[in-house]
Amino acid sequence: MRVVIIGSGNVASVLGRRILLAGHPIVQLVGRHPGRTALLAGQLGCPYGLGWAAITPDAEFYLVALSDSALFAFAADVTLPGKLVAHTAGAVPCNVLLSCSRHSGVLYPLQSLRKGTDPIPEIPILIDANDPGDLERIVSFAGTLSDTVRMADDPTRLKLHLAGVLVNNFTNHLYTQAAAFCEAEGIDFDLLLPLIRETAGRLSYMHPAEAQTGPAARRDQRTIDTHLELLNNYKNIRELYKLFTIQIEENGIA
Ligand SMILES: NC(=O)c1ccc[n+]([C@@H]2O[C@H](COP(=O)([O-])OP(=O)(O)OC[C@H]3O[C@@H](n4cnc5c(N)ncnc54)[C@H](OP(=O)(O)O)[C@@H]3O)[C@@H](O)[C@H]2O)c1
């Protein structure tokens, strides 16, 4: 399919490379920042346009990889009659692009994507469309980019997006706190990397509740008290430690 990518950020960059690898011609990249747009267009080997008025009508599929708030402005400003148009947001409704094209939907990559990522990771894709016929076309396009393509309506995508925040963003916040603690205490954070990898790896064959170890799971109050004592000068980490310990001890998800 002849593709136009709108946006020059993380998703445009990684999905752009994936689209090229799948053999689709990218006929144009459209951004607003001259430097970033030219740079990405150079990497993708395609022409570029600046501003939405520059979007070429000479393509079949338009991938709109804009920030969530810009998506609404795009939908209000741009019409692409007859074209298949999809946005990449997990938390924005499928129908947001209906005013842009009747043939619109969602192609949401359920992965943390960053510009320089190499190699491109496994990317499950969640899709939806405003018309059943277009759903087939988006499924078939997404199937050239990923082995895991699932239909997900607005509520399902939103819930997966939220769960993604828990497993990705919040976990990374814990890594950040642990790294700050290690730096302040003169300890090598990298020594923890095998532990991080092992715990994450277990999730492919074990339920996370079963994989839980540590002093809170063992109800080892003596060690918990020693840790809390050590955290007297780290108010934020101490709060997190207490909250997580209580929840792990209760073993509840409510
Ligand atoms: N990154 C991820 O891991 C990920 C994963 C799945 C889904 N998504 C979703 O994919 C979409 C894009 O995310 P991203 O990570 O690629 O974001 P990003 O790296 O911040 O890129 C956002 C793009 O939107 C453009 N933009 C922002 N505000 C604009 C405006 N007012 N007018 C015109 N263009 C504007 C930016 O242009 P400038 O460069 O000029 O600022 C940039 O090209 C979002 O809906 C996000 O929720 C992201």
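In short, a report on the structure. Everything numeric in this text was worked out from a predicted model, so none of it was measured. (Residues numbered from 1 in each chain as written. Predicted model: local features only at pLDDT ≥ 70, side-chain atom pairs only at ≥ 80, totals over all residues. Heavy atoms only, no water.)

1. Thoughts on the pairing of strand 7 (residues 125–129)
Now for step 1: Burial analysis of strand 7 places five of its five residues in the buried class, which makes it a mostly covered element.
Now for step 2: Side-chain alternation along strand 7 places Ile125, Ile127 and Ala129 on one buried face and Leu126 and Asp128 on a second face that is also buried.
Now for step 3: Alignment of strand 6 (residues 104–109) against strand 7, held across five bridges, turns out to be antiparallel. By the bridge assignment for strand 7, valine 106 is matched with aspartate 128.
Now for step 4: As judged from the three bridges shared by strand 7 and strand 8 (residues 149–151), these two strands associate in the parallel manner. Within strand 8, the position partnered with isoleucine 127 by the bridge is methionine 151.
Now for step 5: As for the winding sense of the linkage, the β-α-β connection from strand 7 through helix 4 (residues 132–142) to strand 8 is right-handed. (Buried < 20%, exposed > 50% of the residue type's maximum accessible area, 1.4 Å probe, protein only. Helix = DSSP H or I, 4+ residues; strand = E, 2+ residues; numbered from the N terminus. Pairing = 2+ DSSP bridges. Right-handed = clockwise from strand over helix to strand, strands pointing away.)

2. Description of the pattern of salt bridges
Now for step 1: By the definition in use, this model includes five salt bridges.
Now for step 2: Among the salt bridges present, the one from aspartate 128 reaches arginine 157, with a minimum N-O distance of 3.9 Å. Taken together, the positions of aspartate 128 in strand 7 and arginine 157 in helix 5 (residues 154–185) put the pair 29 residues apart, joining distant regions of the chain. There is no split in this pair, since aspartate 128 and arginine 157 are both buried.
Now for step 3: The partner of arginine 137 in a salt bridge is aspartate 134, with the nearest N and O atoms 3.1 Å apart. (Salt bridge = Lys/Arg side-chain N within 4 Å of Asp/Glu carboxyl O.)

3. Here's the deal with the side chain of serine 8
Now for step 1: Counting through the fold element by element, serine 8 comes out in the loop between strand 1 (3–6) and helix 1 (10–21).
Now for step 2: Residue serine 8 is classed as buried on the basis of its relative accessible area of 11%.

4. Thoughts on the site of the ligand
Now for step 1: Among the 21 residues in the neighbourhood of the ligand, the closest are listed as Ser8, Val11, Arg32, Asp68 and Leu113.
Now for step 2: A distance of 2.9 Å is found between an oxygen atom of the ligand and a side-chain nitrogen or oxygen belonging to arginine 32.
Now for step 3: A distance of 3.3 Å is found between an oxygen atom of the ligand and a backbone nitrogen or oxygen belonging to serine 67.
Now for step 4: Coverage of the ligand by the protein amounts to 75% of the 900 Å² it exposes when considered alone.
Now for step 5: Elements with a contribution of two residues or more to the shell around the ligand: helix 1, helix 3 (68–77) and strand 6.
Now for step 6: A breakdown of the residues in the shell around the ligand according to their chemical character gives nine nonpolar, nine polar and three charged. (Near = heavy atom within 4 Å. Polar contact = N/O pair within 3.5 Å; in protein donor to acceptor, adjacent residues only side chain to side chain. Areas by Shrake-Rupley, 256 points an atom, 1.4 Å probe, with all protein chains shown as cover. Nonpolar A, V, L, I, M, F, W, Y, C, P; charged D, E, K, R; others polar.)

5. Here we look at the packing of aromatic side chains
Now for step 1: Across all of its chains, the model carries three aromatic pairs by this definition.
Now for step 2: Ring geometry for tryptophan 52 against phenylalanine 74: centres 5.3 Å apart, planes inclined by 85°, an arrangement best described as edge-to-face. Of this pair, tryptophan 52 sits in the loop between strand 3 (48–50) and strand 4 (61–64) while phenylalanine 74 sits in helix 3, and the two are 22 residues apart along the sequence.
Now for step 3: On the accessibility criterion, tryptophan 52 (28% relative accessible area) is partly exposed. (Phe/Tyr/Trp six-rings, centres within 6.5 Å; stacked < 30°, edge-to-face > 60°.)

6. Observations concerning the pairing of strand 6
Now for step 1: The element strand 6 is largely enclosed, with a buried count of six among its six residues.
Now for step 2: Of the two faces of strand 6, the one carrying Ser104, Val106 and Tyr108 and the one carrying Gly105, Leu107 and Pro109 are both buried.

Honestly, it's all geometry; don't read function into it.
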